[in-house]
Amino acid sequence: MRIHQLAGTELAELWSLRPDSSLREEDPANAPAGPAGEGGRPGPVVVLESCWGSTRIERPGPHFAELLRRMTLGPVSPANVLAPFPPVLCEADAAALAPEVTALRANLASVQNCVVRTLALGGTPLLSVVPIAADARFEPCPPPADRPLRAGDRRLSRFALLHSGEHGLHLESPLSQHRVEVHHPAVGWVLGELGGGRDASAAATGRRPLEERAVTLVHAYLAAAGMTTPFDGTAYAEDSDPALTGWTPADLFLHARSRPGRTDADLGMTYPLAGRAPAQPPVKTPDGRAPVLLERPCLTRLRTDDPPFTEVLEERRSTRSFAAQDPSLGQLGELLYRAARVRAVLPPHAGDPTRSWRTRRPYPSAGSSYGLEIYVVAVRCSGLPPGAYHYDPLEHRLEPVHGDPQALADILADARSLAGMDERPPLLVVLTSRLLRVATQFSSVAYASVLKEVGALQQTFYLVCAAMGMGACALTAGDVGAVARALGVDWLAEPSVGEIVFGLPRTVDASKESNIPPIPGSN
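Conventions used here
- Residues numbered from 1 in each chain as written.
- Predicted model: local features only at pLDDT ≥ 70, side-chain atom pairs only at ≥ 80, totals over all residues.
- Heavy atoms only, no water.
- Helix = DSSP H or I, 4+ residues; strand = E, 2+ residues; numbered from the N terminus.
- Patch = residues over 30% accessible without salt bridge, like charges linked within 9 Å, V, L, I, M, F, W, Y side chains within 5 Å.
- Areas by Shrake-Rupley, 256 points an atom, 1.4 Å probe, with all protein chains shown as cover.
- Salt bridge = Lys/Arg side-chain N within 4 Å of Asp/Glu carboxyl O.
- Lys, Arg positive; Asp, Glu negative; His and termini not counted.
- Charge placed at Lys NZ, Arg CZ, Asp CG, Glu CD.
- Pairing = 2+ DSSP bridges.
- Axes fitted to C-alpha atoms, helices over the stretch in contact; angles between N-to-C directions.
- Buried < 20%, exposed > 50% of the residue type's maximum accessible area, 1.4 Å probe, protein only.
- Core = buried A, V, L, I, M, F, W, Y, C linked by side-chain atoms within 4.5 Å.
- Expected span 1.5 Å × (residues − 1).
- Polar contact = N/O pair within 3.5 Å; in protein donor to acceptor, adjacent residues only side chain to side chain.
- Contact = heavy atoms within 4.5 Å.
- Parallel < 35°, antiparallel > 145°, perpendicular 65-115°, else oblique.
- Left-handed = near helix turned anticlockwise from the far one by under 90°.
- Nonpolar A, V, L, I, M, F, W, Y, C, P; charged D, E, K, R; others polar.
- Phe/Tyr/Trp six-rings, centres within 6.5 Å; stacked < 30°, edge-to-face > 60°.
- Lys NZ or Arg CZ within 6 Å of the ring centre and 35° of its normal.

K.L.:
In this structure, what is going on with unusual backbone geometry? I would like to understand it.
P.N.:
Leave glycine aside and you will find that most residues have negative phi; peptide bonds, for their part, are mostly trans. Although it is not a glycine, Tyr271 sits at a positive phi angle of roughly 50°. As for its position among the elements, Tyr271 is in the loop between strand 12 (268-269) and strand 13 (292-293). The phi torsion at Tyr370 lies on the positive side, around 45°, for a residue other than glycine. Along the chain, the position of Tyr370 falls in the loop between strand 15 (358-360) and strand 16 (372-378).

K.L.:
How do you make sense of a negative patch on the surface when you look at a structure like this?
P.N.:
Judged by side-chain charge, Asp404, Asp410, Asp414 and Asp479 come together as a negatively charged surface patch. Tracing the chain through its elements places Asp414 in helix 9 (residues 405-419).

K.L.:
What is the right way to read the sheet that holds strand 10 (residues 178-182) from this model?
P.N.:
Sheet strands pair via backbone hydrogen bonds, and the direction of the pair is either parallel or antiparallel. Read from one edge to the other, the open sheet built from 6 strands follows the order 1-5-6-10-9-8, with strand pairing classed as antiparallel. Looking at strand neighbours, the two that pair on one side only are strand 1 (11-17) and strand 8 (161-165), the edges of this open sheet. The sheet shows a mean angle of 25° between the axes of neighbouring strands, direction not considered. Strand direction decides the pairing type here: strand 8 and strand 9 (residues 168-172), joined by 5 bridges, are antiparallel. Residue Ser164 lies in a different strand from strand 9, and its bridge partner there is Leu169.

K.L.:
Before we go on, may I ask you to explain a nonpolar patch on the surface in this structure?
P.N.:
Side chains of Leu254, Tyr447 and Leu451 sit close together on the surface and give an oily, nonpolar patch of about 230 Å² of accessible area. Assignment of secondary structure puts Leu451 in helix 11 (residues 446-468). Take Leu451: its relative accessible area is 34%, and that puts it in the partly exposed class.

K.L.:
Before we go on, may I ask you to explain the nonpolar core in this structure?
P.N.:
Formed by 43 residues in total, the largest nonpolar core has its most connected members in Leu332, Leu336, Ile374, Leu398, Phe461 and Phe502. Breaking this core down by element, the ones donating at least two residues are helix 8 (329-340), strand 16, strand 17 (387-392), strand 19 (427-433), helix 10 (435-439), helix 11 and strand 22 (496-503). Top contributing element to this core by residue count: helix 11, with 9 residues. Formed by 25 residues, the second largest nonpolar core is a distinct cluster that contains Val190, Leu210, Val215 and Tyr221.

K.L.:
Looking at this model, I keep getting lost on the environment of Leu97. Mind explaining?
P.N.:
You can see Leu97 is positioned in the loop between helix 1 (62-71) and helix 2 (99-109). The class for Leu97 is buried, based on a relative accessible area of 17%.

K.L.:
For this particular structure, what's the right way to read helix 11?
P.N.:
Note on helix geometry: an α-helix contains 3.6 residues per turn, so any two residues three or four positions apart are oriented the same way. Between its terminal C-alpha atoms helix 11 stretches 33 Å, which fits the 33 Å expected from 23 residues at 1.5 Å a residue. Most of helix 11 is tucked away, with 17 of its 23 residues classed as buried. Phi turns positive, to about 80°, at Gly469, one or two residues after helix 11.

K.L.:
What should I look at first to understand the side chain of His184 in this one?
P.N.:
Take His184: it is sitting in the loop between strand 10 and helix 3 (185-195). Residue His184 is classed as buried on the basis of its relative accessible area of 15%. Among the polar contacts made by the side chain of His184, one reaches the main-chain amide nitrogen of Ala186 at a distance of 3.0 Å.

K.L.:
What exactly am I supposed to notice about the side chain of Ser50 here?
P.N.:
Here Ser50 shows up in strand 3 (residues 45-50). What Ser50 contacts, discounting residues up to four positions off in sequence, is Asp20, Ser21 and Cys114.

K.L.:
What is the right way to look at the packing of helix 1 against helix 2 in this model?
P.N.:
At a closest axis distance of 10 Å, the pairing of helix 1 and helix 2 adopts a crossing angle of 45°. Classified by the angle between their axes, helix 1 and helix 2 sit oblique to one another. As helix 1 runs across helix 2, the sense of the crossing is right-handed. Contacts from His63, Phe64, Leu67 and Met71 in helix 1 reach Leu104, Asn107 and Leu108 in helix 2. Of the residues assigned to the contact of helix 1 with helix 2, the class counts are 5 nonpolar, 2 polar and no charged.

K.L.:
Mind showing me how you'd approach the sheet that holds strand 19 here?
P.N.:
Within the open sheet, the 7 strands sit side by side as 13-18-17-16-19-22-21. Their pairing is antiparallel. Looking at which strands have only one partner, the edges of the open sheet turn out to be strand 13 and strand 21 (471-475). In terms of strand pairing, strand 13 meets strand 18 (residues 397-401) through 2 bridges, oriented antiparallel. Across the sheet, the residue bridging to Leu293 is Arg397, located in strand 18. In this fold helix 8 packs onto strand 13, strand 16, strand 17, strand 18, strand 19 and strand 22, with an angle of close to 165° to the strand it touches most, strand 16. Docked against the sheet, helix 11 engages strand 16, strand 19, strand 21 and strand 22, running at close to 5° with respect to strand 22.

K.L.:
Sorry, what's going on with the packing of aromatic side chains here?
P.N.:
Aromatic ring pairs are reported here in terms of the distance separating the ring centres and the angle at which the planes meet. Inspection of the entire model under this criterion finds 5 aromatic pairs. Measuring from ring centre to ring centre gives 5.1 Å for Phe231 and Tyr236, while their planes differ by 65°; the resulting arrangement is edge-to-face. Look at Phe231 and you get partly exposed, because its relative accessible area is 24%. Relative accessible area serves as the criterion here: at 7%, Tyr236 is assigned to the buried category. Ring centres of Tyr363 and Tyr370 lie 5.2 Å apart, and the angle between their planes is 80°; on these two criteria the pair is classed as edge-to-face. Tyr370 gets classed as buried once you look at its relative accessible area, which sits at 5%. Positioned above the aromatic ring of Tyr462, the side-chain terminus of Arg316 is 4.7 Å from the ring centre. One Lys or Arg, Arg341, reaches over the ring of Tyr337 and ends 4.2 Å from the middle of that ring.

K.L.:
Just checking my understanding: could you explain the pairing of strand 18 for this structure?
P.N.:
For a regular strand, side chains alternate in direction, first toward one face of the sheet and then toward the other. Counting buried positions along strand 18 gives 4 out of 5 residues, so the element sits mostly inside the fold. Where strand 17 lies against strand 18, 5 bridges are found, and the strand directions are antiparallel. Bridged to His390 within strand 18 is Glu399. Between strand 17 and strand 18, which pair antiparallel and follow one another directly, the connecting turn spans 4 residues, one of which, His396, has a positive phi of 55°.

K.L.:
Help me understand the pattern of salt bridges in this model?
P.N.:
Pairing is possible between side chains that carry opposite charge, provided their charged atoms lie close to one another. Taken as a whole, this structure holds 23 salt bridges when the rule is applied. Between Glu66 and Arg69 there is a salt bridge whose closest N-O contact spans 2.7 Å. With a gap of 3 residues between them, Glu66 and Arg69 both fall in helix 1, about one helical turn apart. The shortest N-O distance in the salt bridge between Arg155 and Glu238 comes to 2.9 Å. Linking Arg155 in strand 7 (residues 154-156) with Glu238 in the loop between strand 11 (228-230) and helix 5 (249-257), this pair joins segments that are 83 residues apart in sequence. Of the two residues examined, Arg155 and Glu238, each falls in the buried class.

Structure follows, in structure tokens:
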């Protein structure tokens, strides 16, 4: 791109309301008691409706009322309503503004969580900043005109994510309460320069597709939107922030976008895929291979013979050393029955457009979606040939799985290493997720709900093992590619999301365990 393509045209700031915002006038006669307008009658009231709720604007004044009306139609310059209205300026310049301009700026600030700010060059939009939180605040402040922009003053945040969106490229960050929509390739050039930090070449200035003032304003917009981090003379601010030390970009983005408060995306049980994806069955359809039937334990006997619940909780621990004795098929069946069977099949939720039937099981699942699938990899289990099996929680049986033998050996080797064991575990259970089963119900929180369900099921396995006298150890991670090959599944349609190993615990010297020092400050 040559600089003359965008050079020499006028910079403009355009204001508009979020597309989901609307205005309505309220009859003053129905307005709550308050300060009266001229003649003792209540003043005019405008109500701004948005995804954040209703904002009452009493006596907005002619300039603000007209500007709001125009902003509902699309991007507009406030200078078209109030001629002295200036472009982006620092707070130091605000004192010189005319009183009516100061009042209009204050009025706009009161609704800025609904205001989209667009920077344009001539009639060409460069970028827009869209608020995505109720308390979003946006005040771009470029450096004074007599201080040139210096390479390395700011760097693109390591938490910023650029992706294709509904309106072109979207730049988002979990640290920001705004979304930046990139409208012109020239802004991409600026983002590339910011990504270089202090290593950005000053010589690149001569090849910029934008003139210096335009680049400065793009920088100011990105900084005010929280997409860049400043250099303080020794380091970039976010690199020395102790609150950010423990966060990776992926973890923080998942956290911020799967809970309300820092996103404007639909969130919760909204059935986002209704009409786009078929209803997902409550349990995975068997493939027809001859199953291994499992015994069903007597729950009446277990209620009598099981140790007390407090004892089970106190005995729960991770076991990384298993006995030479093999667990039996009966013990495996009892473990799966008590922890993971389908207790009941339930009709769809009222108002569910997907008409997906639900189940009830011993562990919790968001919206009774139960998208987890359980695969058992047997190494040593009396009564069960070595190999991989899928657990059918409805029929309580194991179905043989024929995947890649080498991949099966690989995931067992990974399990041994992750558990810190000297040999392969007697039993490995791999949890996968039929993600579409959950995603048809939930917006934004589908994968986060899957991970919570994994933890709930792993804890349930732990407690049942403690009651049965078995040992268990949940693993931190598994190779998604190797698991997909070993089980013959598509890693995108049914990704592996959790692993846990089982066996009979080796006898532990109680005297050694009692010598473990207490945690400081504990009882």
